[in-house]
Amino acid sequence: MEQINMLSEKFSSLAWGIPLIILLIGGGLYLLIISRFLPFRFFGHAIQVLRGKYDDPNDPGEISHFKALTTALSSTIGMGNIAGVALAISVGGPGAMFWMWISAIVGMSTKFFTSTLAIMYRGKDSNGELQGGPMYFITEGLGKNWKFLAVMFSAFGMLGALPVVNVNQLKQAINDIILIPNGVEVSLTSNLIIAAVLVILTSIVILGGLKRISNIASKLVPSMVILYFILVLIILGINYALVPKYFIMIFTDAFSAEFIKGDKVLGGMLGALILLGIKRGAFSNEAGIGTAPMAHGAAKTDEPVREGLVAMLGPVIDTLIVCTLTALAILVTGVWETTSNNGVTLTASAFQNAIPKYGQYFLMVCVFVFSISSLFSYAYYGTKCMSFLIGASKKHYYNYLYILSIILAATTSFSTMINFIDGIFAFMAIPTMLATILLAPKVVKEIKAYRSRIKS
């Protein structure tokens, strides 16, 4: 296991170098500038679209704007917000959150462009059904000569869609919050039982396809976000005197890496802190990775810009709101300094510290629902990638790989799983961002056309 962990760590470090940071953050800033900061100027209009003001049941696609967003959010709101933020703070201190914010603000423009392209260049799979996503906007928008990028995205996408981090941290939460306090011995057998239950639940839903996944996600995700929001506000209310101090510390420590643990990266500790924040931000909101455009590409609309505007709300909800709340809960309770825990265990410590007896059980409910909803949507992403590579009639074979990964994740360490997914996400971002930057001028033209249609 130690050798596997070392290999996954080297894989992640190799993938997350300066070129990828330039591509993700530099590329996102370029998109923000050429759109003249459209995500911020059209924020109110995006809310109207999300509320269904412009919905037309006769538009092409499978699901509504709202269901497309909740399906995308069901994969991003989850362990990225609970375990990912905890990991960032345990390694990099409060300043890591600032760089997650930067990742999210830039990610709004990235999400807007990638999801607009997912509607502009929808393609057809081997069954003749309309599909969206990076692999389709690469082949439809850039042409057959660029198909190697689409193949690269789909190959890594099948691995990136494996729910290994969610399953691993859900198992950890069940062990720490339910089994161990009640005297149950945690072993390989207990972990396999947890995996078996998750396999059964996941199989029931994913075999029903996108409509079943989106229906369940649209009901589960909003209610759990509200519950989680209320719980964290209670924690912040109890520790209200400390909130301003730690909120300011997020800014002041963003340029002071005294907390950073581990090897020096990018030539110094500050570089390591920036890298950590951007990496955890990418894991949390997935902007530029290419997963969300697969969900948004299935939306019922013939206006690409509208779906892009809905998609850009994802990083706002996911990172600027939910991740910030998690970070403040961990900081004000002081558990980040008094324990060596990381991941979901650290977040559970914060909840237990602030709300004794009940806090961690409330968190367990949120963790369970977030993880389960992520399991459903990731399966959809993986089957779309396999469908592109070997044909829609064979996409069901992905479910076997998916189920196998649930069993693997429940019996493997957190560090191995997070490093594996970090590395895979990096290789998914390369084709997604390259194609998006190349096609960006066409999106800008579409923005101008859309604005003229709105005015008339």
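That block above? That's the structure.
Residues numbered from 1 in each chain as written. Predicted model: local features only at pLDDT ≥ 70, side-chain atom pairs only at ≥ 80, totals over all residues. Heavy atoms only, no water.

1. A look at the overall build of the protein
Our working definition: Only DSSP runs of H or I with at least four residues qualify as helices, and only runs of E with at least two residues qualify as strands; both kinds are numbered from the N terminus onward. Three exposure classes are used, based on accessible area relative to the maximum for each residue type with a 1.4 Å probe and protein chains only: buried under 20%, partly exposed in between, and exposed over 50%. We call two residues contacting when some pair of their heavy atoms lies within 4.5 Å. Each accessible area is a Shrake-Rupley result for a 1.4 Å probe, and residues are judged covered by the shown protein chains and nothing else.
In terms of regular secondary structure, the protein is built from 22 helices and two strands. The buried share of the protein, taken over its 456 residues, is 60%. Considering only contacts in the protein between residues 6 or more positions apart, those separated by 24 or more positions represent 83%. For the protein, the accessible area works out to roughly 17500 Å², and carbon and sulfur atoms hold 65% of it.

2. Remarks on the environment of Lys442
Mapped onto the secondary structure, Lys442 falls in helix α22 (residues 414-455). For Lys442, the residues in contact, after removing those within four places along its chain, are Met120, Tyr121 and Gly141.

3. What about the side chain of Thr432?
Here is the rule: In the analysis that follows, any N or O atom pair within 3.5 Å is treated as a polar contact, provided that within protein one partner can donate a hydrogen and the other can accept it, and provided that, for residues neighboring in sequence, both atoms belong to side chains.
Its location among the elements puts Thr432 in helix α22. From its side chain, Thr432 meets the backbone oxygen of Met428 in a polar contact 2.9 Å long. Excluding residues that lie within four positions of it along the chain, Thr432 makes contacts with Thr114, Pro134, Phe153, Gly288, Ile289 and Gly290.

4. Re the packing of helix α10 (residues 164-179) against α22
What counts, and what does not: Here, axes are lines fitted to C-alpha atoms. For helices the fit covers the stretch in contact, and angles between N-to-C directions go from 0 to 180 degrees. Working definition: roughly parallel below 35 degrees, roughly antiparallel above 145 degrees, roughly perpendicular at 65 to 115 degrees, and oblique for all remaining angles. Should the near helix be turned counterclockwise from the far one by less than a right angle, the crossing is left-handed, whereas a clockwise turn marks it as right-handed. We call Asp, Glu, Lys and Arg charged. Ala, Val, Leu, Ile, Met, Phe, Trp, Tyr, Cys and Pro are nonpolar, and the rest, Gly among them, are polar.
Viewed as axis vectors pointing N to C, α10 and α22 meet at an angle of 160°, and their least axial separation amounts to 9 Å. Here α10 lies roughly antiparallel to α22, going by the angle between them. Considering the relative orientation of α10 and α22, their crossing is left-handed. Contacts between α10 and α22 involve Val164, Val165, Asn168 and Gln169 from the former and Phe414, Met417, Ile418, Phe420 and Ile421 from the latter. Its residues placed into classes, the contact of α10 with α22 shows seven nonpolar, two polar and no charged.

5. Examining the packing of aromatic side chains
To keep things clear, this is the line we draw: Only centres within 6.5 Å qualify two rings of Phe, Tyr or Trp (six-membered ring in Trp) as a pair; their planes then separate them into stacked at under 30 degrees, edge-to-face at over 60, and tilted for everything else.
This structure, assessed with the given rule, holds 16 aromatic pairs. Consider the rings of Tyr136 and Phe388, whose centres lie 5.4 Å apart with planes at 85°: the pair is edge-to-face. In this pair, Tyr136 sits in helix α8 (residues 134-142) while Phe388 sits in helix α20 (residues 359-390), placing the two residues 252 residues apart along the sequence. Since its relative accessible area comes to 3%, Tyr136 is described here as buried. Taking 5.6 Å as the distance between ring centres and 70° as the angle between the ring planes, the aromatic pair formed by Phe247 and Phe251 counts as edge-to-face. Separated by four residues within a single helix, Phe247 and Phe251 lie in helix α13 (residues 243-252), roughly one turn from each other. A connected cluster of aromatic rings, assembled from ring pairs, spans Phe98, Trp99, Trp101, Phe247 and Phe251.

6. Examining the packing of α8 against α22
For the pair α8 and α22, interaxial distance at closest approach is 10 Å and the crossing angle is 45°. Classified by the angle between their axes, α8 and α22 sit oblique to one another. The way α8 lies across α22 gives a crossing that is left-handed. Here Pro134, Phe137, Ile138, Gly141 and Leu142 of α8 lie close against α22, whose contacting residues are Pro431, Thr432, Ala435, Thr436, Leu438, Leu439 and Lys442. When the residues that make up the contact of α8 with α22 are grouped by side-chain class, the tally is eight nonpolar, three polar and one charged.

7. Side note on a positive patch on the surface
Cut-off, in case you're wondering: Note on patches: the residues involved have over 30% relative accessible area and no salt bridge, like charges join within 9 Å, and the nonpolar side chains Val, Leu, Ile, Met, Phe, Trp and Tyr join within 5 Å. When a carboxyl oxygen of Asp or Glu lies within 4 Å of a side-chain nitrogen of Lys or Arg, that pair is called a salt bridge. For the purpose of charge, His is not counted, nor are the chain termini; Lys and Arg are scored as positive and Asp and Glu as negative. Positions of charges follow a simple convention, taking NZ of Lys, CZ of Arg, CG of Asp or CD of Glu.
Side chains of Arg36, Arg41, Lys442, Lys445, Lys448, Arg451 and Lys455 sit close together on the surface and give a patch of like positive charge. Tallying contributions element by element places α22 first for the positive patch, with five residues. Looking at the secondary structure, you find Arg451 in helix α22.

8. So, the nonpolar core
For soluble globular proteins, nonpolar side chains are generally found buried alongside one another. Quick note on the threshold: Take the buried Ala, Val, Leu, Ile, Met, Phe, Trp, Tyr and Cys residues and link them wherever side-chain atoms come within 4.5 Å; each set so joined is a nonpolar core.
Within the largest apolar cluster, 135 residues are counted, with the highest numbers of intra-cluster contacts made by Trp16, Phe112 and Tyr228. Of all the elements, α22 adds the most residues to this core, at 17 residues. For Trp16, the residues in contact, after removing those within four places along its chain, are Ile21, Leu24, Leu275, Ile278, Lys279, Ala282, Asp422, Gly423 and Ala426.

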